[in-house]
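Topology and contacts: notes
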Amino acid sequence: MLATIFHNNNEFKIDLSKPIDISLPLSNTDQNPIAWYIEKPEIEPVRFGDWVGKVAEGSSSTNFNNIFFNPHGHGTHTECLGHITRDFYSINQSLKQFFFTAEVISVQPQADGEDYVITKAQIEKALQGKSPEAIIIRTLPNSDEKTSKKYSNTNWAYLLEEAATFIRESDIKHLLIDLPSVDKEHDEGKLLAHKAFWNVKDVNNLNSDARMNCTISELIYVEDQIADGSYILNLQIASFENDASPSKPILYKIM
């Protein structure tokens, strides 16, 4: 299933039958990745007295589960600036377009004292002058441990404020990364990279030039066989009226 996309005086051809999924699934097993000090997700059948919403248990004609999870801590998710503001803003209202030009880059975070950081210079070098609508950051080393890692209290790598500012000034609207957060795990609530990317100057009184339609997606996973380079991104969310939603970013190779 081939498609031709005309965008900003450019023509792109993609094969819609060959999607590249860079999301992590959500499950109620110990293999589910976890961040932010919470327990694994719960997926359990509804129970009304002796009735159990599970076909295998014989009392129901359908499987009928409740799911308890946290989008920020349990897998791939996409968030809007409402994640850090006093006033409520919804990802469902912020993200209204779903296909974007995108660039996959691989970056090895640099040691900075006890931390590992991603710098402006690294991002600038990896982009090589390109100006995509979305950037997908794969951190190195890249192992499948990321698909089930327990991130709490690991002091994961993060973006320096200068790197997030550069991404914003490059007019990149969608930032995707394979870490639980673009910011340092224990940062005293500063959230410097979040604020720099969204251009939020005061979380209590949102400035008029804050980037309302821009998103951050975290806890993605970009397998090794996915080459750095240009793609078309399909960024899909569930229609949650919440600051964040579980999401399924899909890449398509440009032919």
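- Naming follows an unreviewed UniProt entry, where the chain appears as Metal-dependent hydrolase of Flavobacterium enshiense DK69.

**Points about the overall build of the chain**
- If you tally the helices and strands in the chain, you get 4 helices and 17 strands.
- Along the three orthogonal principal directions, the C-alpha set of the chain runs to about 60 × 50 × 40 Å.
- Counting all 255 residues of the chain, 47% fall into the buried class.
- Within the chain, counting contacts between residues at least 6 apart in sequence, those at least 24 apart form 71% of the total.
- For the chain, the distance from the average position of its 23 positive side-chain charges to the average position of its 36 negative side-chain charges is 4 Å.

**Remarks on the pairing of strand 16 (residues 229-237)**
- Across the 9 residues that make up strand 16, a large majority, 7, are buried.
- Pairing between strand 9 (residues 99-107) and strand 16: 6 bridges, direction antiparallel. Across the sheet, residue Phe100 finds its bridge partner in strand 16, namely Leu233.
- Relative to strand 17 (residues 244-253), strand 16 runs antiparallel, the two sharing 7 bridges. Paired with Leu233 across the bridge in strand 17 is Leu251.
- Counting the residues in the hairpin turn of strand 16 and strand 17 gives 6 residues.

**Looking at the nonpolar core**
- Grouped together as the largest cluster of nonpolar side chains are 32 residues, with contacts concentrated most on Ile123, Ile135, Ile137, Leu159, Ile167 and Leu175.
- Taken together, the elements giving at least two residues each to this core come down to strand 9, helix 2 (120-127), strand 12 (134-139), helix 3 (161-169), strand 14 (174-177) and helix 4 (192-198).
- When near neighbours in sequence (up to four residues on either side) are disregarded, Leu175 contacts Ile135, Ile137, Leu159, Ile167, Val182, Phe197, Thr215, Ile216 and Ser217.
- With 19 residues, the next largest nonpolar core counts Ile91, Phe100, Val222 and Tyr231 among its residues.

**A short note on the pattern of salt bridges**
- By the definition in use, this model includes 12 salt bridges.
- Put simply, Glu103 and Lys130 hold a salt bridge, and the shortest N to O gap is 2.9 Å. Here the residue Glu103 occupies a position in strand 9, and Lys130 occupies one in the loop between helix 2 and strand 12, the gap between them amounting to 27 residues.
- The class for Glu103 is buried, based on a relative accessible area of 5%.

**Section: a negative patch on the surface**
- Together, Asp144, Glu145, Glu223 and Asp224 line one region of the surface with negative charge.
- Following the sequence through the fold, Asp144 ends up in the loop between strand 12 and strand 13 (158-159).
- On the basis of relative accessible area, Asp144 is assigned to the exposed category, the value being 58%.

**What to know about the layout of surface pockets**
- Reported here for the largest pocket is a volume of approximately 350 Å³.
- Taken together, 18 residues make up the lining of the largest pocket; nearest its centre are Thr139, Pro141, Lys149, Ala157 and Leu179.
- When its residues are assigned to classes, the lining of the largest pocket shows 8 nonpolar, 6 polar and 4 charged.
- In this model, the second largest pocket occupies a volume close to 160 Å³.
- Lining of the second largest pocket is provided by 13 residues; of these, Leu24, Pro25, Leu26, Thr76 and Pro246 occupy positions nearest its centre.
- Looking at side-chain class alone, the lining of the second largest pocket contains 7 nonpolar, 6 polar and no charged residues.

**Side note on the packing of aromatic side chains**
- A complete count under the given rule lists 7 aromatic pairs for this structure.
- Each ring, one from Tyr151 and one from Trp156, has its centre 6.3 Å from the other, and the planes form 80°; the classification is edge-to-face. Residue Tyr151 shares its accessibility class with Trp156, and that shared class is buried.
- Here a set of aromatic residues connected by ring pairs shows up, and it is made of Trp36, Tyr37, Tyr151 and Trp156.
- The ring of Phe197 carries Arg211 above its face, with NZ or CZ at 4.9 Å from the centroid.

**So, the sheet that holds strand 11 (residues 115-118)**
- Here we have 3 strands laid out as an open sheet, ordered 10-11-13, and mixed in their pairing. Each having just a single partner strand, strand 10 (110-112) and strand 13 make up the two edges of the open sheet.
- As defined by bridge partners, strand 11 adjoins strand 13 across 2 bridges and the pair is classed as parallel. Note that in strand 13 the partner of Ile118 across the bridge is Leu159.

Cut-off values and rules
Residues numbered from 1 in each chain as written. Predicted model: local features only at pLDDT ≥ 70, side-chain atom pairs only at ≥ 80, totals over all residues. Heavy atoms only, no water. Helix = DSSP H or I, 4+ residues; strand = E, 2+ residues; numbered from the N terminus. Buried < 20%, exposed > 50% of the residue type's maximum accessible area, 1.4 Å probe, protein only. Contact = heavy atoms within 4.5 Å. Lys, Arg positive; Asp, Glu negative; His and termini not counted. Charge placed at Lys NZ, Arg CZ, Asp CG, Glu CD. Pairing = 2+ DSSP bridges. Core = buried A, V, L, I, M, F, W, Y, C linked by side-chain atoms within 4.5 Å. Salt bridge = Lys/Arg side-chain N within 4 Å of Asp/Glu carboxyl O. Patch = residues over 30% accessible without salt bridge, like charges linked within 9 Å, V, L, I, M, F, W, Y side chains within 5 Å. Areas by Shrake-Rupley, 256 points an atom, 1.4 Å probe, with all protein chains shown as cover. 1 Å grid on protein atoms, 1.4 Å probe; cavity = no way out; pocket = protein on both sides within 12 Å on 5 of 7 lines; lining within 4 Å. Points joined across faces, edges and corners; volume = space filled by probe spheres on them. Nonpolar A, V, L, I, M, F, W, Y, C, P; charged D, E, K, R; others polar. Phe/Tyr/Trp six-rings, centres within 6.5 Å; stacked < 30°, edge-to-face > 60°. Lys NZ or Arg CZ within 6 Å of the ring centre and 35° of its normal.

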